[in-house]
Amino acid sequence: MTEARRLSLILAVALLALGAIFAGPYVLDTYSVNVLTRSLLYAAVALTVDLLWGYLGILTFGQSVFFACGAYAAGLVFTHMDFSEGNAVLALALGVGGALLVAAIVGWLAFWHGASALYASVITLVLPIVATQLLYSGGTFTGSSSGLSGFMSFDLSMEAWFWLAGSFLVAVTTLAYIVVQSDAGRLLVAVRENEQRCKYLGLDTSRLKILVYLACAVIGAIAGYIYAGYAMVVAPELAGFVFGTELVIWTALGGRGTLLGPVFGALIVDYESAQLAGDYPFVWQLIIGTLFVLVIIAFPRGLLPVLFDIPRKALGLVRKRPAAPPASVTLSTLDAAETQGEEVGDDGPALAVHGVARRFGSLNVLEAIDFEARAGELVSLVGPNGAGKTTLMRCIADGAERSAGTIVINGHDIGRKPPEACVALGVGRKFQMANVFETLTVAQCLQIARARHARPSLWRRARELPLPEAAMHVLATTGLDRQLSTPAHLLSHGMKQALELSMVLALEPRVLLLDEPTAGLTKTERMQIGAILIDLTKKQGLCVLLVEHDLDFVREISSRVIVLHQGRIVLDGSVEEVVASELVKQVYAGSGHAGIAHESGPSTAQEMPA
Ligand SMILES: Nc1ncnc2c1ncn2[C@@H]1O[C@H](COP(=O)(O)OP(=O)(O)OP(=O)(O)O)[C@@H](O)[C@H]1O
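About the criteria used
- Residues numbered from 1 in each chain as written.
- Predicted model: local features only at pLDDT ≥ 70, side-chain atom pairs only at ≥ 80, totals over all residues.
- Heavy atoms only, no water.
- Buried < 20%, exposed > 50% of the residue type's maximum accessible area, 1.4 Å probe, protein only.
- Helix = DSSP H or I, 4+ residues; strand = E, 2+ residues; numbered from the N terminus.
- Pairing = 2+ DSSP bridges.
- Right-handed = clockwise from strand over helix to strand, strands pointing away.
- UniProt positions renumbered as here; feature names shortened; annotations may be inferred.
- Phe/Tyr/Trp six-rings, centres within 6.5 Å; stacked < 30°, edge-to-face > 60°.
- Lys NZ or Arg CZ within 6 Å of the ring centre and 35° of its normal.
- 1 Å grid on protein atoms, 1.4 Å probe; cavity = no way out; pocket = protein on both sides within 12 Å on 5 of 7 lines; lining within 4 Å.
- Points joined across faces, edges and corners; volume = space filled by probe spheres on them.

### Regarding the pairing of strand S12 (residues 543-547)
Okay, so step 1: With five of five residues buried, S12 lies mostly within the body of the structure.
Okay, so step 2: Here S12 shows a buried face lined by Cys543, Leu545 and Val547 and a second buried face lined by Val544 and Leu546.
Okay, so step 3: Bridge count for strand S6 (residues 378-382) against S12 is four bridges, and the pairing is parallel. When the sheet's bridge partners are listed, Ser380 is paired in S12 with Leu546.
Okay, so step 4: Regarding the hand of the β-α-β motif, the stretch spanning strand S11 (residues 511-515), helix H20 (residues 523-538) and S12 is right-handed.

Here it is, written out as structure tokens:
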């Protein structure tokens, strides 16, 4: 299906939904129109919970506060300044502005570097509690526990409010659907799946989360503003923890990560609540609570996906996924002129490490590490287990990791820069365990890896994926270019390693950090990776720092070897020098490891000189 056709189809469904909203007041009784107007607005806020929780992986209990920002802005302005067209615009601006301010502060606290997902959830949990207390303590200004009521509002009929609320819900749902299906929307899933990999692909995940949080705050505030205009009453409960949690429950019941599930979850449960809560106040809460627990246990994906699966299974539409369905993305090689990799400024080293130390409390894992590496060099970092090799890789790829010393990439001191900023300086890091996006396809993983260079569209999906020559070479050599539509979790271990290497090369790095890229690979796969690495250094001029335990492999491909032992460099020289070194034999003999110099003579177990 072409992009134009896909978007037309989404708009056609949106028009149908608008038609149903228009018909609503003609087929529903007055009571239902009245209750559903509120439910439609609640559904829009539930949609924001789904965007944050279902797509971005942030469980939030505080979306009620943004709804209250919009509602209270209207209530306060219309109560204390009277209703007029100018004041209506002012109230909307204050509601949206207030929500943005709160979201910016909470977003900064919750999503800034180093904050865990649990920490973010706790902050969103505290938010409605604080907001409710503020409203309670506002005296006559906020109406305290009674809230504000009896203020003037827009002179609209009940039907018009229903249409307004319904149109707003259809508009935000359609927009959200288009965005989550787009290339930019895929970034949300990538962050949820593997935030660490995103950061090491140069993506500022904190910024992305804050931007989505801000957008969700605006939607919540507008919904709250419409609610206040229609209900002409606002109360602290709108900002409360109970409403915030109800939004989460509706989202979970409907099916998080589906957009429509939470919308229908909110509509149905809120509408039924209005009908039954009056008659059976305690029983109704009990029913909803029990249903929530049952759905979480039996259908963790929520009810909507299950409802969709039943007719598809009955009609036999659920077919076995072919091993490699046709690719929807075509690969091409970037012209040399189009590549944007960081240039090495002068003849200086691509990587310079001076006096680097890393301490964990009293444990000195790295001490006084000094070395330089140039473009076109393949430097292997070897040493027994626990020598500090991976820790050194971490220090080079993340400015916050080291305890002392300086690291300069392509002439730029990395200072305390986070991983995504180090990527911008030209660092590419491949992890020890293959680190890809398991639920995304090969092509989608590569698209995410290119997102730093080619800003992804907010509404369309690219059909072409231009990649640097080095990444194309890995894909062609390993055959991954014929499996572009295969989800990453179905790939073999070796293919996942190759995919991660291609993703890192798609960043156009100048300094490539590879942590045991051949671990668990077959001999053929190891030879393939070896040939690729030689090509990357000799032909592409990359500076490669390789951590490797397969010492025969190291001997075959390295231009230089650095031996690390107990956090210190004990030798830095050519392969021949290292092979001939008595010191290296002692290091490996002391560790019980076979050693790089195992063919040069029997090892003698001796203590390392201090
Ligand atoms: N976060 C941490 N907290 C405390 N100690 C740590 C931490 N990370 C690493 N270490 C310690 O630092 C030492 C070096 O670990 P590192 O993983 O860098 O070694 P390595 O040479 O890569 O080992 P291997 O070859 O087994 O991967 C180990 O003793 C490890 O226990």
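### Let's talk about the UniProt feature "transmembrane region" (unreviewed entry) in the protein
Okay, so step 1: Residues given the UniProt feature "transmembrane region" (unreviewed entry) here are residues 39-58, 65-83, 89-111, 118-136, 160-180, 210-235, 247-269 and 281-299.
Okay, so step 2: Along residues 210-235, the helical share is 85% and the strand share 8%, with 28 Å between the first and last C-alpha atoms.
Okay, so step 3: The span residues 247-269 shows a helical share of 78% and a strand share of 0%, and its end C-alpha atoms are spaced 10 Å apart.

### Brief notes about the sheet that holds strand S4 (residues 351-360)
Okay, so step 1: Strand order in the open sheet formed by four strands is S5-S4-S7-S8, and the pairing between neighbours is antiparallel. Unpaired on one side and paired on the other, strand S5 (363-373) and strand S8 (412-413) mark the two borders of the sheet.
Okay, so step 2: Of the pairings in the sheet, the one linking strand S7 (residues 404-409) to S8 comprises two bridges and is antiparallel in character. Across the sheet, Val408 pairs through a bridge with Asp413, a residue of S8.

### Some remarks on unusual backbone geometry
Okay, so step 1: Even without a glycine there, the phi angle at Ala368 is positive, about 50°.
Okay, so step 2: With respect to the helices and strands, Ala368 occurs in strand S5.
Okay, so step 3: Relative accessible area serves as the criterion here: at 44%, Ala368 is assigned to the partly exposed category.
Okay, so step 4: Even without being a glycine, Asn410 presents a positive backbone phi close to 50°.

### A closer look at helix H15 (residues 389-397)
Since the α-helix packs 3.6 residues into each turn, any two residues three or four apart lie on the same face.
Okay, so step 1: Among the nine residues in H15, seven count as buried, and that is most of the element.
Okay, so step 2: Among the residues of H15, those classed as buried are Lys389, Thr391, Leu392, Met393, Cys395, Ile396 and Ala397.

### Concerning the side chain of Ser380
Okay, so step 1: One can find Ser380 in strand S6.
Okay, so step 2: The exposure class of Ser380 is buried, given its relative accessible area of 0%.

### What about the packing of aromatic side chains?
Okay, so step 1: If you walk through the whole model with that rule in mind, you get 22 aromatic pairs.
Okay, so step 2: With a centroid separation of 5.1 Å and an interplanar angle of 15°, the aromatic rings of Phe22 and Trp163 are classed as stacked. Remark: Trp163 occurs in helix H7 (residues 158-181) and Phe22 occurs in helix H1 (residues 3-27); sequence separation between them is 141 residues.
Okay, so step 3: Taking relative accessible area as the criterion, Trp163 reaches 24% and is therefore assigned partly exposed.
Okay, so step 4: Look at Tyr42 and Trp250: their rings are 5.9 Å apart centre to centre, the planes differ by 25°, and that puts the pair in the stacked class. One end of the pair, Tyr42, is in helix H2 (residues 30-55); the other, Trp250, is in helix H11 (residues 241-254), and 208 residues separate them in sequence.
Okay, so step 5: For Tyr42, a relative accessible area of 8% puts it in the buried group.
Okay, so step 6: Three or more aromatic residues joined by ring pairs form one cluster here, namely Tyr42, Phe67, Phe78, Phe83, Phe151, Phe154, Trp161, Tyr225, Tyr227, Tyr230, Phe243 and Trp250.
Okay, so step 7: Sitting over the face of the ring of Tyr200, Arg429 holds its NZ or CZ atom 5.2 Å from the ring centroid.

### Side note on the layout of surface pockets
Okay, so step 1: The calculated volume of the second largest pocket comes to roughly 940 Å³.
Okay, so step 2: What lines the second largest pocket is a set of 29 residues, and nearest its centre among them are Ala184, Leu208, Leu211, Val212 and Leu458.
Okay, so step 3: Counting residues per element, the ones that place at least two in the lining of the second largest pocket are H7, helix H8 (183-193) and helix H10 (205-231).
Okay, so step 4: The element contributing the most residues to the lining of the second largest pocket is H10, with ten residues.

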